[in-house]
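Now for the letters of each chain:
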Amino acid sequence: MQGPWRWGLFLGTGWPSRGYTELWSPGCSESRGENPGVLPSQAAEQRCGAKSPDTEQLSSPTSPGSLFCSRAWNLRGLGIQGSAPNTPARSAGLPEQRCTPAGVPGLCGPMALYRIRQYEDGDYEAVRTMFGRGIKEHAPAGYIHVLKRPQAQLLFLGLFLAVLAAFGSLLVSLLALLLALTGGWFFIRSLWTDYVQQSLRNDLLDIRRTYVEAADSCLWVAEAEGAVVGMVGAVLPEDPSERGHALELKRMSVGKEHRGRGIARALCRTVIRFAQERGYSAVVLSTSMVQYSAQQLYESMGFRRVSQRSPSRLASFLQFSVFYYRYEIPGSR
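These notes cover the structure that comes with them.

Parameters at a glance
Residues numbered from 1 in each chain as written. Predicted model: local features only at pLDDT ≥ 70, side-chain atom pairs only at ≥ 80, totals over all residues. Heavy atoms only, no water. Salt bridge = Lys/Arg side-chain N within 4 Å of Asp/Glu carboxyl O. Helix = DSSP H or I, 4+ residues; strand = E, 2+ residues; numbered from the N terminus. Buried < 20%, exposed > 50% of the residue type's maximum accessible area, 1.4 Å probe, protein only. Patch = residues over 30% accessible without salt bridge, like charges linked within 9 Å, V, L, I, M, F, W, Y side chains within 5 Å. Areas by Shrake-Rupley, 256 points an atom, 1.4 Å probe, with all protein chains shown as cover. Expected span 1.5 Å × (residues − 1). Contact = heavy atoms within 4.5 Å. Axes fitted to C-alpha atoms, helices over the stretch in contact; angles between N-to-C directions. Parallel < 35°, antiparallel > 145°, perpendicular 65-115°, else oblique. Left-handed = near helix turned anticlockwise from the far one by under 90°. Core = buried A, V, L, I, M, F, W, Y, C linked by side-chain atoms within 4.5 Å.

So, the pattern of salt bridges
So, step 1. For the structure shown, the criterion picks out 13 salt bridges.
So, step 2. Residues Asp216 and Arg278 are paired through a salt bridge, measuring 3.9 Å at the closest nitrogen-oxygen approach. On the criterion of sequence distance, the pair formed by Asp216 in the loop between helix H7 (207-212) and strand E5 (218-224) and Arg278 in the loop between helix H8 (263-277) and strand E8 (282-288) is long-range, its members being 62 residues apart.
So, step 3. Under the relative-accessibility criterion, Asp216 is labelled partly exposed at 27%.
So, step 4. Relative accessible area serves as the criterion here: at 35%, Arg278 is assigned to the partly exposed category.
So, step 5. Note that Lys250 is salt-bridged to Glu238, the shortest N-O span being 3.6 Å. Of the two residues, Lys250 is situated in strand E7 (residues 246-254) and Glu238 in the loop between strand E6 (227-235) and E7; the sequence distance between them amounts to twelve residues.
So, step 6. On the basis of relative accessible area, Lys250 is assigned to the buried category, the value being 12%.
So, step 7. Salt bridges sharing partners connect three or more residues here, namely Arg115, Arg117, Glu120, Asp123 and Glu223.

Below, the structure is given as structure tokens:
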């Protein structure tokens, strides 16, 4: 973990093979509580009804993002079904299946489709911008957390009483308190900003070297209407004890206007599949205690909170913790 308090602040689908994309929409499955964002072709046809004319254009077998594939994959225990292009079945006994246009999930949904693909060099600025905006969104929640701590309240109360005793003016005391609250906000916001800047200078400075060329690492983006609307990465864990056993999910983020469509859930599944395909038994991640939506997402997908730590003395004083999660991949050894 990195940053002024070494926060693991980022949340963090697609097949790792080149040229493969997936189309997702929660319209046909998430409302029913079934395998969100992913359906086998038969189930999708039953739920979505007639084929969409748009499917033929999206699914042309000659296009770079062809949805046609030759064999099915089925990750036991994950509740995930789909297909990869010309990829042999991963488990014994899997039947062959062809991804037909009717099998594209969500074409009947009211929301536009999105696809998840590997990072490309042209995504560089969009990815860095999305990461920065996503992190800074949590600054207000972090500040509210600080204001709720008894320690902080005692400090502000002590300041108010000290100024009142020194000047004998209620107005001056209130102005001093207001200045202190304003200063506290800028200080907390600066911590999140510093974390963003440090991350942009580290793994997000040379994304290709960190996520594309490095072993057992990858970065994916979710794309809708030609724009990057989500991202997630997978890297070797920072914890040496996890090396060889798990991959770490990093930099999960979805644009605010595209949330609630199952994109984050699909991105999370990507990392799980990526890790399983490479023989890892678990996926680990960390997120701050004020990222409530992220915690709900991970826990709903089967991640288990294994520990929490305050990354600095200041964080410990303010009772601020980073939560560490772990997902055990079913059927792994």
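Side note on a nonpolar patch on the surface
So, step 1. A surface patch of nonpolar side chains, about 370 Å² in accessible area, is lined by Leu155, Phe187, Leu314 and Phe317.
So, step 2. Along the chain, the position of Leu314 falls in helix H10 (residues 313-317).

Section: H8
So, step 1. A rise of 1.5 Å per residue sets the reference length of H8, with its 15 residues, at 21 Å; its end C-alpha atoms lie 21 Å apart and thus fit the reference within 8%.
So, step 2. Turning to H8, its buried residues number three or more, namely Ile263, Ala264, Ala266, Leu267, Cys268, Arg269, Thr270, Val271, Ile272, Arg273, Phe274 and Ala275.
So, step 3. Looking one or two residues past H8, Gly279 carries a phi angle of roughly 85°, positive in sign.

Quick notes on the environment of Phe323
So, step 1. Within the secondary structure, Phe323 sits in strand E10 (residues 322-328).
So, step 2. Classification of Phe323 as buried rests on a relative accessible area of 6%.
So, step 3. Non-local contacts of Phe323, meaning those with residues more than four positions away in its chain, are made with Leu285, Ser286, Thr287, Met289, Gln295, Arg305, Ser307 and Gln308.

Things to note about the packing of helix H3 (residues 124-136) against helix H6 (residues 170-201)
So, step 1. Closest axis-to-axis distance for the H3/H6 pair is 9 Å, and the angle between their directions is 155°. On the basis of the axis angle, H3 is roughly antiparallel to H6. Crossing of H3 against H6: the hand is right-handed. Between H3 and H6, the contacting residues are Arg128, Phe131, Gly132, Ile135 and Lys136 on the first element and Trp192, Thr193, Tyr195, Val196, Ser199 and Leu200 on the second.

Some remarks on the nonpolar core
Side chains that are nonpolar tend, in soluble globular proteins, to be buried together.
So, step 1. Membership of the largest hydrophobic core comes to 63 residues, with the highest contact counts inside it found for Phe131, Trp220, Leu249, Met252, Val283, Tyr298 and Phe303.
So, step 2. For this core, the element with the highest residue contribution is H8, accounting for nine residues.
So, step 3. For Val283, the residues in contact, after removing those within four places along its chain, are Ala246, Leu247, Leu249, Val271, Ile272, Ala275, Phe303, Tyr325, Arg326, Tyr327 and Ile329.

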